[in-house]
Structures are given as structure tokens and as C-alpha cells.
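Below are the chains, spelled out letter by letter.
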Amino acid sequence: MDYYIADSAVFIMGSGIEPHRIITIPSVVNELKSNEAAMRFDLARESGARVEMPEDDLREKVLQTANKTKDCEELSSTDIDILAKALEYKGNSVLLTDDYAVQNVAKVLGLEVKPVAQKKIKDVLVWQKQCTGCRRKFDSGDVCPVCGSPLKKRRKRKI
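The rules behind the values
- Residues numbered from 1 in each chain as written.
- Predicted model: local features only at pLDDT ≥ 70, side-chain atom pairs only at ≥ 80, totals over all residues.
- Heavy atoms only, no water.
- Helix = DSSP H or I, 4+ residues; strand = E, 2+ residues; numbered from the N terminus.
- Buried < 20%, exposed > 50% of the residue type's maximum accessible area, 1.4 Å probe, protein only.
- Contact = heavy atoms within 4.5 Å.
- Polar contact = N/O pair within 3.5 Å; in protein donor to acceptor, adjacent residues only side chain to side chain.
- Patch = residues over 30% accessible without salt bridge, like charges linked within 9 Å, V, L, I, M, F, W, Y side chains within 5 Å.
- Areas by Shrake-Rupley, 256 points an atom, 1.4 Å probe, with all protein chains shown as cover.
- Salt bridge = Lys/Arg side-chain N within 4 Å of Asp/Glu carboxyl O.
- Lys, Arg positive; Asp, Glu negative; His and termini not counted.
- Charge placed at Lys NZ, Arg CZ, Asp CG, Glu CD.
- Axes fitted to C-alpha atoms, helices over the stretch in contact; angles between N-to-C directions.
- Parallel < 35°, antiparallel > 145°, perpendicular 65-115°, else oblique.
- Nonpolar A, V, L, I, M, F, W, Y, C, P; charged D, E, K, R; others polar.
- Pairing = 2+ DSSP bridges.

If you look the protein chain up in an unreviewed UniProt entry, it shows as DNA-binding protein from Methanolobus sediminis.

Shown next, in the form of C-alpha cells:
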């Protein structure tokens, strides 16, 4: 039986997925701000949706992969947890998310991804930072250590 690992977008936007096939994580519940999203979650939970904690060693693997793609600055703790949970069920699950950084890391991890309401990413990208002043390139940061100008995120290459 295949499972759906549900990001908060599933409960915010709604989906036609059978609740007993949904697995999510505790921190997703904290992201549900609207009454409608909270109600969708409660109904899914009453109908068999499961809430499980991710495994710590899988969180570490997700972080290592996110560091390689330079998506680590974009991912929240919830994003890392949902990726770890999807990795735990790899081969038997589909990750449901609209978050492009989550989709990018998921593809590198070999996870099956399905967007909820947005388009699916086409290419896996590796990011870098570029100074808006002197145009030098860096792996991370918000301010250029050379000239002090802001750094902007730029695509480095496709994988």
C-alpha cells in the first residue's frame, strides 16, 4: 500500500486523498493557521491519517543533501522533518508538497513528489549567492564579505 507524506499544503488547499493513506509530522499541524485547514486535518486524523515523528538519522541525511544543493537556507525545520519522513517510507510513498526547495531536495534524495496546487519542478538545481555590488560568488551568507552589498540567490547549475 502506498502512503502520501503530507506537507501543510495538503490541509491548506485540500485534496481528494483517502485519509488512511496520509502520514504527516507534528510540526505540520503548527503551520495550519486557518480554521478550514485545521478542520481538514482533524477530519483526516479522525479518518485514519497518522502523525509520526521523523527519525533523527534521516533528518541528518536530508540536511547533508540540502547543503549540497544549497537549499538549506530555504528549508524550515518542518520541511526537513517532512523530507525525513518521506525518506523513511521511500519506495512506498509520494511526498505531497508545493514547496520548490522541498521538491528540489526530494528529487536529489530519489523521492517521488507530487505537487498539491502548484507546478512540479522540472530540473534539480544547485544554488549559490552572488553579490549585487562586486558580482563575486559565494556559497552562503546574506552580505558580501568583500564589499558589504547584499547577496542574491542565483542558480549555479542543473543536476
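Draft legend 1. Local environment of the environment of Asp7. By the element assignment, Asp7 lies in the loop between strand 1 (3-6) and helix 1 (8-13). Exposure remark for Asp7: the relative accessible area of 5% places this residue in the buried category. Sequence separation of Asp7 and Pro145 is 138 residues, and the distance between their C-alpha atoms is 36 Å. Setting aside residues up to four positions removed in sequence, Asp7 forms contacts with Val28, Glu31, Asp79, Ile82, Leu96, Thr97 and Asp99. Engagement of the side chain of Asp7 in a polar contact is seen with the side chain of Thr97, the distance being 2.8 Å.

Draft legend 2. Looking closely at a positive patch on the surface. The grouping of Arg135, Lys137, Lys152 and Arg154 at the surface amounts to a positive patch. Mapped onto the elements, Lys152 comes out in strand 8 (residues 151-158). Lys152 sits in the partly exposed class, given a relative accessible area of 44%.

Draft legend 3. Region of the structure containing the packing of helix 4 (residues 56-69) against helix 6 (residues 100-108). As a packed pair, helix 4 and helix 6 sit with axes 10 Å apart at the nearest point and diverge in direction by 105°. In terms of orientation, helix 4 lies roughly perpendicular with respect to helix 6. Residue-level contacts link Val62, Thr65, Ala66 and Thr69 of helix 4 to Asn104, Val105 and Val108 of helix 6. Its residues assigned to classes, the contact of helix 4 with helix 6 shows four nonpolar, three polar and no charged.

Draft legend 4. View of the sheet that holds strand 3 (residues 50-51). Taken together, five strands build an open sheet; the order of strands is 3-2-1-4-5 and the sheet is parallel. Here the strands that pair on one side only, and so sit at the sheet edges, are strand 3 and strand 5 (113-114).

Draft legend 5. Representation of the pattern of salt bridges. All told, the structure shown has seven salt bridges when counted by the stated rule. The partner of Arg50 in a salt bridge is Glu52, with the nearest N and O atoms 2.8 Å apart. Where Lys129 meets Glu73, a salt bridge forms, and the shortest distance between an N and an O atom there is 2.9 Å. On the criterion of sequence distance, the pair formed by Lys129 in strand 6 (residues 125-131) and Glu73 in the loop between helix 4 and helix 5 (77-88) is long-range, its members being 56 residues apart. A relative accessible area of 9% means that Lys129 is categorised as buried. If you follow the salt bridges from partner to partner, you end up with Arg50, Glu52, Lys85 and Glu88 in one network.

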